[in-house]
Amino acid sequence: MSIQHHSIALQAKNRGFHLITTEVLQQLPKLPQNGLFQLFIQHTSAGLTINENADPDVRMDFETIFNRLVPENQQGLLHTLEGPDDMPAHIKTAFTGTSLSIPIIQGQLALGTWQGLYLCEFRNYGGRRKLIATIID
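Residues numbered from 1 in each chain as written. Predicted model: local features only at pLDDT ≥ 70, side-chain atom pairs only at ≥ 80, totals over all residues. Heavy atoms only, no water.

Asker: Looking at this structure, I do not really get the sheet that holds strand 2 (residues 16–19). What am I missing?
Answerer: Strand pairing in a sheet relies on backbone hydrogen bonds. The paired strands run either parallel or antiparallel. A sheet is described by the order of its strands in space; here 3 strands give the open sequence 2-7-4, paired in antiparallel fashion. Only two strands of the sheet have a single partner each, and these edge strands are strand 2 and strand 4 (46–52). For this sheet the average axis-to-axis angle between neighbouring strands, irrespective of direction, equals 35 degrees. The pairing of strand 4 with strand 7 (residues 115–121) spans 7 bridges and is classified as antiparallel. Bridge pairing in strand 7 places Ala 46 opposite Glu 121. Sitting on the sheet, helix 2 (residues 56–69) touches strand 2, strand 4 and strand 7, and the angle it makes with strand 2 is about 150 degrees. (Pairing = 2+ DSSP bridges. Helix = DSSP H or I, 4+ residues; strand = E, 2+ residues; numbered from the N terminus. Axes fitted to C-alpha atoms, helices over the stretch in contact; angles between N-to-C directions. Contact = heavy atoms within 4.5 Å.)

Asker: Sorry, what's going on with the side chain of Lys 92 here?
Answerer: Structurally, Lys 92 can be placed in helix 3 (residues 86–96). Glu 63 provides the closest opposite charge to the buried, salt-bridge-free Lys 92, at an N-O distance of 5.4 Å. Sequence-distant contacts of Lys 92, that is, excluding residues within four places in its chain, are made with Arg 15, Phe 66, Asn 67, Val 70 and Phe 122. (Buried < 20%, exposed > 50% of the residue type's maximum accessible area, 1.4 Å probe, protein only. Lys, Arg positive; Asp, Glu negative; His and termini not counted. Salt bridge = Lys/Arg side-chain N within 4 Å of Asp/Glu carboxyl O.)

Asker: Even after reading the chapter, I still don't get unusual backbone geometry, so can you show me in this structure?
Answerer: Within the chain, Asn 73 stands out as a residue other than glycine whose phi angle is a positive 60 degrees. Relative to the helices and strands, Asn 73 is located in the loop between helix 2 and helix 3. Given a relative accessible area of 60%, Asn 73 falls into the exposed group. A positive phi is found at Gln 106, a non-glycine position, where the angle reads about 55 degrees. Assessed through its relative accessible area of 63%, Gln 106 is described here as exposed.

Interpretation note: all reported values are geometric properties and have no functional meaning in isolation.
Right, here's the structure in full:
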C-alpha cells in the first residue's frame, strides 16, 4: 500500500457552487487501477460536496437554499469582523464538510453517472482555494 499527497490550487471563484472535477483531476498524476481518493479543503469558509454534474439549475438552487438557511446580517452573530458573509460561510461549511472520499476503480473516480465534485464557495471574495488530494493504492 502506498499513500500519495498532492497539493491542488483552485482558481478564485465567485460565491456559489462550482463543479471542479476536471480542474482537480488535471492537477493529479494518473490514478492507480484501484484505491481510494480523498480530497480535503484547507479552508473554513468553503466546503466540498458531490452532487449533480449536468444541470446548472441545481447549483443555483443550492445557493438559494443555503442563503435562506443562513442569511447574511443575521442578528446575534458575534464573529463579524471579516464582513457579513464570513460567519455565514463558516456555518455553511459545517453543513457541507471539508473532505470527500471516493473509491478508485479501473483507474477512475467511481462517481455515479450524474455526480461531480463541487467547490462550495461561501465567501463573496474567497480567493484561491487550496486542496490536498490523498491517493491510497
